[in-house]
Amino acid sequence: MDSLDLIQELAETFGVAGFEEDIRALLLRKLEGRVDRVEVDTLGNILAYRRGKSRKRLLLDAHMDEVGLVVSHVDAHGFLRVVPVGGWDPRILPGTPVQLRPEPGRYLYGVIGTAPPHVLTPEDRKKPVDFPDLFVDIGVGSREEAEALGVVPGTPLVPYVPARRLGPDLLMAKALDDRLGCALILQLLDRLTEPTPYDLVLSFSVSEELGLRGARVLVAQTQPDVALAIEGTGAADIPGVPEEKCPSRFRRGPVITRLDKSIVVPHRMVQALARAAEEAGVPYQFKKPIFGGTNAGAIHLSGKGVLAGVVSVPARYIHSPVSVVYRPDFDHTLQLVETFVRRIDRYLEE
Ligand SMILES: [Zn+2]
């Protein structure tokens, strides 16, 4: 399957943190026939196993959840108030279409409403927008009508802009953080035709965006020797962002993390990932400190401690209603990870 088609299918599927049923069902279908064994743990993480040469065990993690919103109140006229699930900038939300999910597999649509400019005073227009100012219109006239549709406090929703190609090599879609990682692991499984030096555990984890929650229980269940978090990270080489605040850049290949807010990656792991990029013949870049955190943060502190690293696909506008990825950045990250997985014994044991 074409990489952008797979990314688009995963990205368009609903999976707000804590409400991952729909994306989990899709991932379980995609894993059929690609691994030796699959299970879903108590928290909802998917754990998939593929036997290698059993020298040691490597955990590859991507989080299946995405940032979203949850209904906090339905007023007498049927308008919804919302609170964030994960990191959002409320200024970018007014006027955005939304997809609500009253129950797994059932969707409704609406819009984050705003007062028309005609009724605002010049002072009002300069005021920053915050969550208490936002409301969602789902086209009903009363609380009872909203309830009849299953929309109640606790219903999750996501700002929703349908995916589109921007030319042959760019995909604009929501939730590239971290459906890019999910797509990468699925495509990696197709490319690994020979047994790998280490046994593989693939985790598609839940609730990363709520503070790395799902990842906290991965190590107790899977006992990895080494772990790699595969992420979509913010490429901010855009107007208005000074170079020193730009964590990663578009069209520069996979992003290797030296440190972020959740982990300082051990030198030998950083070296191993850089060597894998060089031997794969792909460009790579290092993420600028010290933005964000990933599941590697939770994983490396679990059990007796785990050697962990992070490699990411750069994506523009993550944590907004649409993000953008450049196909060669994804493909080069896949090639880096494939080389790392195939030669991990050389990189970490010699
Ligand atoms: Zn992420």
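Placed above this text is the structure.
The model shown is predicted, which means the values in this text are computed figures rather than measured ones.

About the criteria used
- What you see as residue numbers is a count from 1 along each chain, following the sequence as written.
- Local features in a predicted model are, by the rule used here, given only for residues with pLDDT of at least 70; side-chain atom pairs are given and counted only at 80 or more, and totals for whole chains, interfaces and linings are based on all residues.
- Here a helix means four or more residues in a row that DSSP labels H or I, a strand means two or more in a row labelled E, and each is numbered from the N terminus.
- For a compact globule the rule gives 2.2 Å times the number of residues to the power 0.38, and the radius of gyration it is set against comes from C-alpha atoms.
- Each residue is classed by its C-beta neighbour count within 10 Å, where at least 20 other C-beta atoms makes it buried, 12 or fewer makes it exposed, and intermediate counts make it partly exposed; the C-beta atoms are placed from backbone geometry.
- Here contacts are defined at the residue level, using C-beta atoms placed from the backbone and a cut-off of 7 Å between them.
- Regarding the arc, it is the one traced by the directions from the helix axis to the C-beta atoms.
- Pairing between two strands is assigned when DSSP locates at least 2 bridges connecting them.

This part is about the overall build of the protein. Within the protein, the secondary structure is distributed over 10 helices and 17 strands. Rg of the C-alpha trace for the protein: 21 Å, near the compact-globule value of 20 Å for 350 residues, within the 12% margin. Counting only C-alpha atoms and orienting by the principal axes, one finds that the protein spans roughly 70 × 45 × 40 Å. The 350 residues of the protein split such that 46% are buried. The long-range share in the protein, meaning contacts at least 24 apart out of those at least 6 apart in sequence, stands at 77%.

A few words on helix H2 (residues 21-31). Every buried residue belonging to H2 is among Ile23, Arg24 and Leu27, and all of these are buried. What you see down the axis of H2 is that its buried residues fit within an arc of 100°, all on one side. In this fold, the buried residues of H2 make contact with strand S1 (37-40), strand S2 (46-50), helix H5 (176-191) and strand S12 (199-205). Immediately downstream of H2, the backbone of Gly33 shows phi near 80°, a positive value.

Moving on: the pairing of S1. Of the pairings in the sheet, the one linking S1 to S2 comprises 4 bridges and is antiparallel in character. What sits directly across from Val40, in S2, is Ile46. Counting the residues that bridge the hairpin from S1 to S2 gives 5 residues, and of these Gly44 lies at a positive phi of roughly 105°.

In this section: the environment of Val324. As for its position among the elements, Val324 is in strand S17 (residues 323-326). Residue classification places Val324 among the partly exposed residues on the basis of 18 C-beta atoms within 10 Å. With 148 residues separating them along the chain, Val324 and Leu176 place their C-alpha atoms 7.5 Å apart.

By the alternation rule, side chains of strand S11 (residues 170-173) split into Leu171 and Ala173, which are all buried, and Leu170 and Met172, of which none is buried. In the sheet, strand S10 (residues 164-165) pairs with S11 via 2 bridges, with the strands oriented antiparallel. Pairing of Arg165 across the sheet is with Leu171, part of S11. Where S10 folds back on S11, the antiparallel hairpin that results is connected by 4 residues, among which Gly167 adopts a positive phi of roughly 80°. The pairing of S11 with S17 spans 4 bridges and is classified as antiparallel. When the sheet's bridge partners are listed, Leu170 is paired in S17 with Tyr326.

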